[in-house]
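Analysis of the macromolecular model
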Amino acid sequence: MSEICLECYNEIMGTNDPPDKYVISTDLDVCEECGQLKHIIIREHLWYDMYPKGLKWLCKLVDLLINLFYCFKYSILDFWNIIKFRH
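So, a few notes on the structure that sits alongside this text. Not measured: the values here are computed from a predicted model.

Here is what the cut-offs are and how they apply
Throughout, a residue's number is its position along its own chain's written sequence, starting from 1. The model is predicted, so local features are restricted to residues of pLDDT at least 70 and side-chain atom pairs to those at 80 or more, both for listing and for counting; the totals for chains, interfaces and linings are taken over all residues. Remark: hydrogens and water are excluded; side-chain values derive from all non-hydrogen atoms of the structure. Numbering goes from the N terminus for both helices and strands, where a helix is a DSSP run of H or I of at least four residues and a strand is a run of E of at least two. Classification of residues uses two cut-offs on accessible area relative to the type maximum, computed with a 1.4 Å probe and protein chains only: under 20% is buried, over 50% is exposed, and between them is partly exposed. For two strands to be treated as a pair, DSSP must find at least two bridges joining them. In what follows, a contact means two residues having at least one pair of non-hydrogen atoms within 4.5 Å. Without a salt bridge and with relative accessible area above 30%, a residue can belong to a patch; like charges are then joined within 9 Å and nonpolar side chains (Val, Leu, Ile, Met, Phe, Trp, Tyr) within 5 Å. Each accessible area is a Shrake-Rupley result for a 1.4 Å probe, and residues are judged covered by the shown protein chains and nothing else. Criterion for a salt bridge: a side-chain nitrogen of Lys or Arg within 4 Å of a carboxyl oxygen of Asp or Glu. Only buried residues count toward a nonpolar core, which is a set of Ala, Val, Leu, Ile, Met, Phe, Trp, Tyr and Cys residues joined through side-chain atoms within 4.5 Å.

What follows covers the environment of Gly 35. Mapped onto the elements of the fold, Gly 35 is located in the loop between β1 (22-30) and β2 (37-44). Assessed through its relative accessible area of 49%, Gly 35 is described here as partly exposed.

What follows is the structure, encoded as C-alpha coordinates:
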(Lines give C-alpha, C1' and ligand atoms only; values in the text may rest on other atoms or scores of the structure.)
Protein backbone atom coordinates (compact mmCIF):
# COMPACT_ATOMS: atom_id res chain seq x y z
CA MET A 1 0.00 0.00 0.00
CA SER A 2 1.28 3.43 -0.79
CA GLU A 3 1.98 5.82 2.04
CA ILE A 4 -0.33 8.76 1.59
CA CYS A 5 -1.90 11.28 3.93
CA LEU A 6 -5.63 11.53 4.56
CA GLU A 7 -6.04 14.71 2.51
CA CYS A 8 -4.45 13.15 -0.58
CA TYR A 9 -6.42 9.93 -0.07
CA ASN A 10 -9.70 11.84 0.08
CA GLU A 11 -8.73 13.82 -3.01
CA ILE A 12 -7.78 10.69 -4.99
CA MET A 13 -10.84 8.69 -3.93
CA GLY A 14 -13.26 11.62 -4.17
CA THR A 15 -14.41 11.14 -0.57
CA ASN A 16 -14.49 13.23 2.59
CA ASP A 17 -13.66 10.54 5.15
CA PRO A 18 -12.94 11.64 8.74
CA PRO A 19 -9.59 10.76 10.32
CA ASP A 20 -11.20 8.50 12.94
CA LYS A 21 -12.18 6.05 10.19
CA TYR A 22 -8.49 5.16 9.78
CA VAL A 23 -5.51 4.23 11.90
CA ILE A 24 -3.17 7.16 11.37
CA SER A 25 0.59 7.06 12.04
CA THR A 26 1.88 8.86 15.12
CA ASP A 27 5.16 9.81 13.42
CA LEU A 28 5.46 12.12 10.47
CA ASP A 29 6.35 10.50 7.16
CA VAL A 30 6.67 11.70 3.58
CA CYS A 31 3.39 11.46 1.68
CA GLU A 32 4.00 9.79 -1.67
CA GLU A 33 1.37 11.97 -3.34
CA CYS A 34 2.13 15.52 -2.16
CA GLY A 35 5.72 14.99 -0.92
CA GLN A 36 5.13 16.75 2.43
CA LEU A 37 5.81 15.47 5.94
CA LYS A 38 2.39 14.42 7.26
CA HIS A 39 0.69 11.70 9.25
CA ILE A 40 0.13 8.69 6.98
CA ILE A 41 -2.84 6.32 6.81
CA ILE A 42 -1.74 2.91 8.12
CA ARG A 43 -4.99 1.01 7.61
CA GLU A 44 -8.75 1.34 7.84
CA HIS A 45 -10.27 0.65 11.25
CA LEU A 46 -11.73 -2.82 11.61
CA TRP A 47 -15.38 -2.90 12.59
CA TYR A 48 -14.58 -3.80 16.19
CA ASP A 49 -12.06 -0.95 16.54
CA MET A 50 -15.02 1.44 16.64
CA TYR A 51 -16.36 0.02 19.92
CA PRO A 52 -15.28 1.08 23.41
CA LYS A 53 -12.53 -0.95 25.09
CA GLY A 54 -15.04 -2.73 27.32
CA LEU A 55 -16.83 -4.22 24.31
CA LYS A 56 -13.83 -4.67 22.00
CA TRP A 57 -12.89 -8.07 23.47
CA LEU A 58 -16.47 -9.28 22.98
CA CYS A 59 -16.50 -8.13 19.35
CA LYS A 60 -13.16 -9.84 18.69
CA LEU A 61 -14.53 -13.02 20.26
CA VAL A 62 -17.66 -12.89 18.07
CA ASP A 63 -15.47 -12.33 15.00
CA LEU A 64 -13.30 -15.32 15.96
CA LEU A 65 -16.35 -17.53 16.52
CA ILE A 66 -17.81 -16.55 13.15
CA ASN A 67 -14.51 -17.39 11.43
CA LEU A 68 -14.26 -20.71 13.27
CA PHE A 69 -17.85 -21.54 12.36
CA TYR A 70 -17.18 -21.02 8.66
CA CYS A 71 -13.93 -23.00 8.81
CA PHE A 72 -15.67 -25.83 10.66
CA LYS A 73 -18.74 -25.71 8.41
CA TYR A 74 -16.77 -26.01 5.20
CA SER A 75 -14.35 -28.60 6.54
CA ILE A 76 -17.30 -30.79 7.64
CA LEU A 77 -18.89 -30.41 4.19
CA ASP A 78 -15.62 -31.38 2.51
CA PHE A 79 -15.26 -34.36 4.84
CA TRP A 80 -18.85 -35.41 4.11
CA ASN A 81 -18.26 -35.20 0.34
CA ILE A 82 -15.14 -37.37 0.66
CA ILE A 83 -17.01 -40.02 2.64
CA LYS A 84 -20.03 -39.87 0.34
CA PHE A 85 -17.99 -40.47 -2.81
CA ARG A 86 -16.01 -43.34 -1.31
CA HIS A 87 -19.09 -45.58 -0.98
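Where β1 and β2 come together, six bridges link them in antiparallel fashion. Residue pairing for β2: Ile 24 is matched across the bridge by Ile 41.

Attention now moves to the side chain of Ser 25. Here Ser 25 shows up in strand β1. Excluding residues within four positions of it along the chain, Ser 25 makes contact with His 39, Ile 40 and Ile 42.

On the surface, Leu 55, Trp 57, Leu 58, Leu 61, Val 62, Leu 64, Leu 65, Ile 66, Leu 68, Phe 69 and Tyr 70 cluster together into a nonpolar patch covering about 1000 Å² of accessible area. Tracing the backbone through its elements, the reader meets Leu 61 in helix α2 (residues 53-86). Of the residues examined, Leu 61 reaches a relative accessible area of 39% and is grouped as partly exposed.

Glancing now at helix α1 (residues 6-13). Within α1 the residues assigned to the buried category are Leu 6, Cys 8 and Asn 10. Against β1 and β2 lie the buried residues of α1. In the stretch just after α1, Gly 14 is the one whose phi turns positive, near 70°.

Judged by nonpolar contacts, Ile 4, Cys 5, Cys 8, Cys 31 and Ile 40 together constitute the single largest core of five residues. If we skip the residues at most four places from it in the chain, Cys 31 touches Glu 3, Ile 4, Cys 5, Cys 8, Gln 36 and Ile 40.

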